[in-house]
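Architecture and fold: a report
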Amino acid sequence: MKIPVHSANHAPSYYAATANRQTDYQSLQGDQSADVCIVGGGFTGVSTALNLAERGYKVIVLEAHKISWGASGRNGGQLIRGIGHGADQFRNEIGTEGVEAIFRMGLEAVEIVRNTVDRYQIDCDLTLGYFDAATKPRHMRELEEDYESLTGYGYPHELKMLDRSEVASVVGSDMYIGGLVDMGSGHLHPLNLCLGEAAAAESMGAQLFEHSAVTRIKHGTRPVVYTEQGSVNADFVVLGGNAYIGNLEPRIAGKVLPAGSYVIATEPLPETLHSRLMPRNMAICDQRVALDYYRLSADKRLLFGGMCNYSGREPASITAAMRPKMLKVFPELESITIDYEWGGNIGIGANRMPQLGRIENNVLFAQAYSGHGINATHMMGRLVAEAISGQAERFDVFAGIKHMTFPGGKHLRSPLLAAGMLYYRFMDLF
Ligand SMILES: Cc1cc2nc3c(=O)[nH]c(=O)nc-3n(C[C@H](O)[C@H](O)[C@H](O)COP(=O)(O)OP(=O)(O)OC[C@H]3O[C@@H](n4cnc5c(N)ncnc54)[C@H](O)[C@@H]3O)c2cc1C
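Now for a look at the structure at hand. Note that the structure is predicted; figures quoted are calculated from it, not measured.

On to the overall build of the protein, then. When you go through the protein residue by residue, the secondary structure sums to eleven helices and 17 strands. A globule of 430 residues ought to have a C-alpha radius of gyration of about 22 Å, and the protein, at 21 Å, matches this closely. Projected onto its principal axes, the C-alpha coordinates of the protein cover approximately 60 × 55 × 45 Å. Expressed as a percentage of its 430 residues, the buried residues of the protein come to 50%. Long-range contacts, defined here as pairs at least 24 residues apart, represent 75% of the contacts in the protein between residues at least 6 apart.

Here it is in structure tokens:
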């Protein structure tokens, strides 16, 4: 029997198999009241809830499936500095100060995760060390620029450019001509992080409901959020459904497109192998749009992921789609068994900058992290909490960026994205 990749419980992933706990929150029943009602129980929703609960707000989180059921419980686990892809392009809209603020927030975002793990003692295998791997001279030039701007800013963590002869100290593959080591970024078990944050939010008074899909929102001075069996009226509503939001709120639905990304996990690798292939246990990404991303788990499996599906159709076999990519990087893994495969939906935005804003004064949203969301969701959670508490300056830097609605209506959007990605894959060749 084929187990559905997007099953109603957690995907049958390595993460689900190694989760610290199984959540069993009630579904919402009857009419309830809160200061803030949050739709979606991934990193966006849960980190917003935690930030607000820390500030003393009464918060209700409504999750359609299970806490961290979406991308947050399925991703590659790579915690990487930076938000979006090149804030410079928005200089006309948000000014030089805005561009610099986003740069700083891209670094703060990683610190938020590190501090949260520390403060709430969340057992999520957080490991520092990340390598941006270059396959072309163009990538090396871009990484040199990153290195210069980070050191110019006074980045507090070790950074080092590696040339081809030094790559083997980080990754045992012939694919790369160099890259950038960043000891401030790293990797973690994302499902356990999100579950730990949910427990922390709950301990501070937040209420979480599972199997509570929001079907409708009635806007007004005190908006009301409806599920099949209940409702929540609140001063504020926050929408954090991201790639899974569907058509709940048409004003934002067309700005975020779901795109499938897939991961395979090998059996635990023998010490002789993982110490040669991944000697410093770093998270690794290459620089292509359709990139490979991989890392070791705590029990030394290789978790190898990639974006391979923009059409909305799942591959018939994730292992068949991903294993050749893995073997291209590490031919030595030919005889190694794949124990797990899974996938999830990334929320893609047209300009690849996370979307933060208000659709009403009291209805805020955060979405579209374009595959780089572990850190950014945590920054957005803090910014939404700041805005609700009356300090919207940083929120408004992001809210000032315009985001195009993908053309084509809901039936044509995915085929258009697929065509667009073919263009980017073509550009990756140069
Ligand atoms: C395979 C994969 C690999 C990735 N790898 C990385 C990586 O290595 N590093 C990185 O930084 N980022 C990565 N990402 C991206 C990252 O996982 C996301 O940006 C991040 O998790 C988004 O969090 P979120 O809370 O906004 O969305 P999600 O985690 O998708 O959560 C949205 C939640 O909202 C719920 N929901 C939707 N509609 C409703 C409704 N009407 N009512 C109630 N609930 C609703 C959904 O059920 C879902 O649980 C990856 C993503 C995928 C899919």
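Where strand β1 (residues 30-39) and strand β10 (residues 230-239) come together, nine bridges link them in parallel fashion. Bridging across to β10, serine 33 finds its partner in asparagine 233. Pairing analysis gives three bridges linking strand β9 (residues 224-227) to β10, with the strands arranged antiparallel. The residue bridging valine 225 from the neighbouring strand is valine 232, located in β10. Connecting β9 to the next strand, β10, in antiparallel fashion are two residues. One ladder, built from three bridges, connects β10 with strand β17 (residues 363-367); its direction is parallel. Bridge assignment links leucine 239 to a residue of β17, and that residue is phenylalanine 365.

Turning our attention to the site of the ligand. Taken together, the neighbourhood of the ligand is formed by 44 residues, with Gly40, Gly42, Gly70, Gly76 and Gly373 sitting nearest. Elements with a minimum of two residues in the shell around the ligand: α2 (43-54), β11 (257-266), β15 (338-348) and α9 (374-388). At four residues, the largest contribution of residues to the shell around the ligand is made by β15. Grouping the amino acids of the shell around the ligand by side-chain chemistry returns 18 nonpolar, 24 polar and two charged.

Formed by 125 residues in total, the largest nonpolar core has its most connected members in Val36, Cys37, Ala49, Val59, Val61, Leu62 and Val384. Looking at this core, the element that brings in the most residues is α9, giving nine residues. Leaving out residues up to four positions away in the same chain, valine 59 has contacts with Ala34, Asp35, Val36, Ile38, Ala49, Leu52, Ala53 and Ala206.

Attention now goes to the pairing of strand β8 (residues 214-218). In terms of strand pairing, β8 meets β9 through four bridges, oriented antiparallel. Paired with lysine 218 across the two strands is valine 224, which belongs to β9. Where β8 folds back on β9, the antiparallel hairpin that results is connected by five residues.

What follows deals with the packing of α2 against α9. Between α2 and α9, the least distance of the axes is 8 Å, while the angle of their chain directions is 40°. Overall, the two elements α2 and α9 adopt an arrangement that is oblique. Between α2 and α9 lies a crossing whose hand is right-handed. Here Phe43, Thr44, Ser47, Thr48, Leu50, Asn51 and Leu52 of α2 come into contact with α9, specifically with Ile374, Thr377, His378, Met380, Gly381, Arg382, Val384, Ala385 and Ile388. Classifying every residue of the contact of α2 with α9 gives eight nonpolar, seven polar and one charged.

Our focus in this paragraph is helix α3 (residues 91-119). One full turn of an α-helix is made of 3.6 residues, so residues set three or four places apart face in the same direction. Taking 1.5 Å of rise per residue, 29 residues should cover 42 Å, yet α3 covers just 36 Å from first to last C-alpha, more than 12% shy of that figure. Glutamate 97 marks where α3 bends most, by close to 70°. Those residues of α3 lying buried are Ile102, Met105, Gly106, Leu107, Ala109, Val110, Val113, Thr116 and Val117. Positive phi appears at glutamine 121, one or two residues downstream of α3, with a value of about 50°.

This part covers the packing of α2 against helix α5 (residues 190-203). Axis separation between α2 and α5 bottoms out at 9 Å; the angle between their running directions is 30°. As the angle between them shows, α2 and α5 are arranged roughly parallel. Seen from above, α2 lies across α5 with left-handed handedness. Residues Phe43, Val46, Ser47, Ala49, Leu50 and Ala53 of α2 lie in contact with α5, whose contacting residues are Cys194, Glu197, Ala198, Ala200 and Ala201. Its residues assigned to classes, the contact of α2 with α5 comprises nine nonpolar, one polar and one charged.

Thresholds applied
- Residues numbered from 1 in each chain as written.
- Predicted model: local features only at pLDDT ≥ 70, side-chain atom pairs only at ≥ 80, totals over all residues.
- Helix = DSSP H or I, 4+ residues; strand = E, 2+ residues; numbered from the N terminus.
- Rg over C-alpha atoms; globule rule 2.2 N^0.38 Å.
- Buried ≥ 20, exposed ≤ 12 C-beta atoms within 10 Å, placed from the backbone.
- Contact = placed C-beta atoms within 7 Å.
- Pairing = 2+ DSSP bridges.
- Near = placed C-beta within 6 Å.
- Nonpolar A, V, L, I, M, F, W, Y, C, P; charged D, E, K, R; others polar.
- Core = buried A, V, L, I, M, F, W, Y, C linked by C-beta atoms within 7 Å.
- Axes fitted to C-alpha atoms, helices over the stretch in contact; angles between N-to-C directions.
- Parallel < 35°, antiparallel > 145°, perpendicular 65-115°, else oblique.
- Left-handed = near helix turned anticlockwise from the far one by under 90°.
- Expected span 1.5 Å × (residues − 1).
- Bend = angle between axes of the 7 residues up to and from the residue.

So far we have only geometry, and geometry alone does not tell us how the molecule works.
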